[in-house]
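Given next are the chains, with one letter for each unit.
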Amino acid sequence: MNDKLLITGASGDLGRRVVNRLKGKIALENLTVLVRDENSELAQQYQHAGIEVKMGDYAKPASLLNAFEGIDVLYFVSAGDDDQRAQLHQNVVKAAKQARIKHIIYTSAVWKNETDSSPLATLVDSHRQTENTIKASGLPYTLLKHNLYAEVIQMLIGDRSQLLKTKTIYLPTANGVTSFVAKDDLAEAETTILLNHQQYANRTLAFDGSEALTFAAIAQQVGAILNEPIAYSSPDVATFENQMSQLGLPHPVIELLKTFSIAIAQGEFDQQSTDLATVLGRPTRPLADFLAEAYR
């Protein structure tokens, strides 16, 4: 493969995993990473490994146009800023078109409810706008709709020491199920797509985990790992907010926990596409294995 690849979000967890998988599969002169701080430790590590590092910021279109020069395939990791995401992403797509990028691979998100009533309305709208902008650009694309990361579980239920103390998972997720997917599985599949991007041109793939679990089931699995009974309690939203406030959690953290919990309860992440397993050539990693590493 002689296409030159550029990985955005290379300082983040997913982008870093993709870069590490690509290193042994393509010539390093065909691999470029985009970072905002070229003096960061990770950027220095990339440079020492022989990987070209380019400076770029989604908020600075000129930096993107400069970084995209000579690039064939763009791995476009979505920005983390919900309020500004759509505009930042427009900057990326415009620069990609001006730089004559041959293929955009974009990390989007799953959703069911596309109305303003969805707890994920802001997230959904920004991703939908970006997908439409990419399609309207006329550039070949692949849209990868990620389910909820398995790595989010610790944020939602607490770490090992917290669970050993409380012996309870306390979230207003009701009986909602989620097809969690580990970032390692996503990185493996998306590396495959990058290396064979022509096969995935102008396709939208839903990347869900092979299991769909409730938090009651997760409580049982974590309890088995900790060798302690872990209860699952699903309060109403108002009670949850009040309890978290009494515990001293910052308001933004409570809002984040509430938003994801309501979305889970409403079935936003209850999707079981086999697209990810098809690209991987196997089922996704069992969540029990992921939890064992996180909580052992």
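Residues numbered from 1 in each chain as written. Predicted model: local features only at pLDDT ≥ 70, side-chain atom pairs only at ≥ 80, totals over all residues. Heavy atoms only, no water.

Colleague: Just checking my understanding: could you explain the pairing of strand β2 (residues 31-35) for this structure?
Modeller: A regular strand places its side chains on the two faces of the sheet in alternate fashion. Of all the five residues making up β2, five are buried; the element is thus mostly covered by neighbouring parts of the structure. On β2, burial covers both faces: Leu-31, Val-33 and Val-35 on one face and Thr-32 and Leu-34 on the other are all buried. Examined bridge by bridge, strand β1 (residues 5-7) and β2 share three bridges and lie parallel to one another. Its bridge partner being in β2, Leu-5 is matched across the sheet by Leu-31. Between β1 and its parallel partner β2, the chain crosses via helix α1 (residues 13-23), and the hand of that crossover is right-handed. Alignment of β2 against strand β3 (residues 52-55), held across four bridges, turns out to be parallel. Across the sheet, the residue bridging to Thr-32 is Glu-52, located in β3. Note that the unit made of β2, helix α2 (residues 41-48) and β3 has a crossover that is right-handed. (Buried < 20%, exposed > 50% of the residue type's maximum accessible area, 1.4 Å probe, protein only. Helix = DSSP H or I, 4+ residues; strand = E, 2+ residues; numbered from the N terminus. Pairing = 2+ DSSP bridges. Right-handed = clockwise from strand over helix to strand, strands pointing away.)

Colleague: Would you take a moment to explain the sheet that holds strand β6 (residues 141-146) for this structure?
Modeller: In a beta sheet, neighbouring strands are held together by backbone hydrogen bonds and run either parallel or antiparallel to one another. The sheet built from seven strands is open, its strands ordered β3-β2-β1-β4-β5-β6-β8 with parallel pairing. Strands with a single pairing partner mark the edges of an open sheet, and in this sheet they are β3 and β8 (203-207). Taking the axes of each pair of neighbouring strands and ignoring which way they run, one obtains an average angle of 20° across the sheet. Packing against the sheet, α1 makes contact with β1, β2, β4 (73-77), β5 (103-109) and β6, and its axis sits at approximately 150° to β1. Across the sheet, helix α5 (residues 121-137) is in contact with β4, β5 and β6; its angle to β5 comes to roughly 165°. (Axes fitted to C-alpha atoms, helices over the stretch in contact; angles between N-to-C directions. Contact = heavy atoms within 4.5 Å.)

Colleague: Would you mind showing me how to read the packing of α1 against helix α8 (residues 183-195) here?
Modeller: When two helices pack together, you describe them by how their axes are tilted relative to each other and by the distance separating the axes. Relative orientation of the contacting elements α1 and α8 amounts to 55°, with a least axis distance of 9 Å. Taken together, the axes of α1 and α8 are oblique relative to one another. Between α1 and α8 lies a crossing whose hand is right-handed. On the side of α1, the interface is formed by Asp-13, Leu-14, Arg-17, Val-18, Arg-21 and Leu-22, while α8 contributes Lys-183, Asp-184, Leu-186, Ala-187, Glu-188, Glu-190, Thr-191, Leu-194 and Leu-195. The residue makeup of the contact of α1 with α8, split by class, is seven nonpolar, one polar and seven charged. (Parallel < 35°, antiparallel > 145°, perpendicular 65-115°, else oblique. Left-handed = near helix turned anticlockwise from the far one by under 90°. Nonpolar A, V, L, I, M, F, W, Y, C, P; charged D, E, K, R; others polar.)

Colleague: Explanation requested: the pattern of salt bridges in the structure shown.
Modeller: Should the charged atoms of two oppositely charged side chains come close, the side chains can pair. Scanning the model with the defined rule gives 14 salt bridges in all. With a shortest N-O distance of 2.7 Å, Arg-17 and Asp-184 are connected by a salt bridge. Taken together, the residues Arg-17 in helix α1 and Asp-184 in helix α8 connect sequence positions 167 residues apart. What makes Arg-17 buried here is its relative accessible area of 19%. For Asp-184, a relative accessible area of 33% puts it in the partly exposed group. Linking Lys-102 and Asp-72 is a salt bridge whose minimum nitrogen-to-oxygen distance equals 3.3 Å. Taken together, the residues span a long stretch of sequence, with Lys-102 in the loop between α4 (85-98) and β5 and Asp-72 in the loop between α3 (61-68) and β4 at a distance of 30 residues. For Asp-72, a relative accessible area of 14% gives the class buried. Salt bridges sharing partners connect three or more residues here, namely Asp-13, Arg-16, Arg-17, Lys-183 and Asp-184. (Salt bridge = Lys/Arg side-chain N within 4 Å of Asp/Glu carboxyl O.)

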